[in-house]
Amino acid sequence: MATFNELSSDDKLIILSSKLFPDIDDVLQIDQLIPKITDWNSFVDIVICNGIAPVVRKNLTASKNVCKIPESIISRLNQVYFKILSRNILLTTHFKNIIAAFSEKNIEVIALKGMYLSELIYQNIGLRPMSDIDLLVKKTDAETCRDILLKLGHTDQEVTPSELIKETEKHFAPLVKDNISVEIHHKLHNEQYGYTINTDDFWKNANPVFLHGVSSLALSPNDLLIHLCIHLDSHNAISNIQLRHISDIVNILEFFKDKLDWQKFENSCVQNNCSQNVFGNLLLIKKYYNAQIPENIIQRNKHYSNALTEEIFINTLGNNEEEIERKKRDFMAERNLQNLKRVKGFRNKMFYLLGDMFPKKEFMYQNYKIKNKKLLCFYYLKRLSIGFVKMLMVIKKKIFKPKKKSETIFIKS
């Protein structure tokens with residue numbers, strides 16, 4: 001794989017300008033790279049679709065070479081920023097109403113991802129795009145929270161293929177109101193991903209915070225870093241990452257550089273069975289973003305370096321859509337096999353497999369956007385044929401691809 005210095009000027013500028021806290025060297029490099037960009041529209045397309053346009057806008061407009069950027073490009077970045085700002089204001093309004101309703105029932109809530117990051121890390125809700133509202137509640141409160149949201153006018157967006165698959169999910173189906181989706185998490189990971197995250201420990205370490213005008217809880221810096229790394233890993237597994245997922249981690253490493261306890265962090269990764277997945281991402285981030293990770297930590301965990309994770313990153317950075325889609329198909333098939341292995345008992349395996357091949361009608365209508373319900377049977381046949389081909393591809397690779405001693409296993413079993 002390429003080093004940072006071997007990347008194109010476009011790729012280097014995307015990486016450097018997506019940092020919330022660029023250092024002096026980063027700023028100097030940004031200044032030097034701006035005149036080297038030949039296709040600004042392509043550059044902006046990539047930063048927009050990867051959710052880093054607002055921070056890129058912030059850094060580019062602060063550059064002494066901003067005059068060398070076409071006005072039309074600055075205009076596009078400004079439009080994106082204000083569009084994100086407007087939507088995020090709506091999201092935070094819903095967040096405050098939801099927290100107030102939960103507080104009336106004395107329900108504790110941990111604000112996850114964007115809702116926390118936008119205020120306490122980015123400190124400007126227009127700088128960090130939010131697609132939905134993610135909230136972690138205790139398992140005993142989850143059903144009550146869901147009922148509260150339904151009473152507030154949210155509608156259930158059921159997307160799980162079957163009840164058996166649903167039991168392994170980390171959150172309920174999204175609840176939607178005014179085009180705002182809310183996900184009620186009762187654990188921090190899906191069971192089929194192979195982690196053994198002890199959510200109770202994360203609750204014990206949580207800290208009180210004041211977010212968007214209301215009191216809430218937040219994960220500790222150590223736990224937040226683990227959570228975002230395994231969240232990134234779950235997106236890596238289907239080649240469906242956005243560079244903002246990586247940018248979040250880079251910015252947290254810088255923001256909490258004096259508060260992270262790396263020895264406890266390493267121990268926690270071991271206890272939660274996620275060292276390979278977490279450090280596979282952190283090593284990549286250290287390599288390309290020169291992130292704030294102690295060298296002794298890097299050396300102790302360098303064996304977790306993952307070529308496939310890096311390949312996905314490079315493809316995303318270069319917007320290689322064809323390769324991204326191919327990897328997505330391959331990894332989805334591989335992960336489905338791994339998920340099936342983790343289901344205990346032959347009978348449950350059969351139910352799980354049938355639930356995935358022939359999901360509920362509601363799932364099919366929504367997932368495939370079926371307008372004519374008479375065509376449902378044809379979509380079942382389509383799903384079955386695609387799944388069968390994917391399985392054959394995975395089996396073929398396992399039989400004919402020679403194993404190398406240095407090969408890194410991407411999917412954790």
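Up top is the structure.
Numbers given for residues are sequential positions, taken from 1 along each chain in its written order. Local features are withheld for residues below a pLDDT of 70 in this predicted model, meaning they are given only at 70 or higher, and side-chain atom pairs are given and counted only at 80 or more; totals for whole chains, interfaces and linings count all residues. As a convention, hydrogens and water are excluded, and side-chain values are obtained from all of the structure's heavy atoms.

For helices, the fitted line uses only the C-alpha atoms of the stretch in contact; every axis is such a line through C-alpha atoms, and the angle between N-to-C directions lies from 0 to 180 degrees. A run of H or I in DSSP counts as a helix once it spans at least four residues, and a run of E counts as a strand once it spans at least two, with each numbered from the N terminus. Between helix α5 (residues 71-104) and helix α7 (residues 139-151), whose axes approach to 10 Å, the crossing angle comes to 125°. When the axes of α5 and α7 are compared, the pair comes out oblique. Seen along the crossing, α5 lies across α7 with a hand that is right-handed. Taking contact as the criterion, the partners of I98, A101 and F102 in α5 are, on α7, C145, I148 and L149. Broken down by class, the residue content of the contact of α5 with α7 amounts to six nonpolar, no polar and no charged. Comment on the angle field: the value is read as roughly parallel under 35 degrees, roughly antiparallel over 145, roughly perpendicular from 65 to 115, and oblique elsewhere. The hand of a helix crossing depends on one turn: near helix anticlockwise from the far one by less than a right angle means left-handed, and clockwise means right-handed. Contacts: residue pairs with any heavy atoms within 4.5 Å of one another. Gly is placed with the polar residues, together with every amino acid not listed as nonpolar (Ala, Val, Leu, Ile, Met, Phe, Trp, Tyr, Cys and Pro) or charged (Asp, Glu, Lys and Arg).

Looking now at the environment of L136. Turning to its location among the elements, L136 is positioned in strand β2 (residues 133-136). Relative accessibility decides the category of a residue: with a 1.4 Å probe and only protein chains considered, values under 20% of the type maximum give buried, values over 50% give exposed, and everything between is partly exposed. For L136, a relative accessible area of 0% corresponds to the buried category. Note: C-alpha distance between L136 and L112 (24 residues apart in sequence) is 6.8 Å. Beyond its immediate sequence surroundings of up to four residues, L136 is in contact with E108, V109, I110, L112, H185, H186, K187, L188, T199 and W203.

Among the nonpolar cores identified, the biggest contains 106 residues, and F43, L60, F102, Y116, I246, L253 and L282 are the most heavily contacted of them. The element best represented in this core is α5, accounting for 12 residues. For I246, the contacting residues outside a window of four places in its chain are L232, I241, L284, I285, Y289 and F313. Of all hydrophobic cores here, the second largest spans five residues; its members include F363, M364, I370 and Y380. Note on terminology: a nonpolar core comprises buried Ala, Val, Leu, Ile, Met, Phe, Trp, Tyr and Cys residues joined through side-chain atoms within 4.5 Å.

Take it as geometry only, folks, not as evidence of what the structure does.
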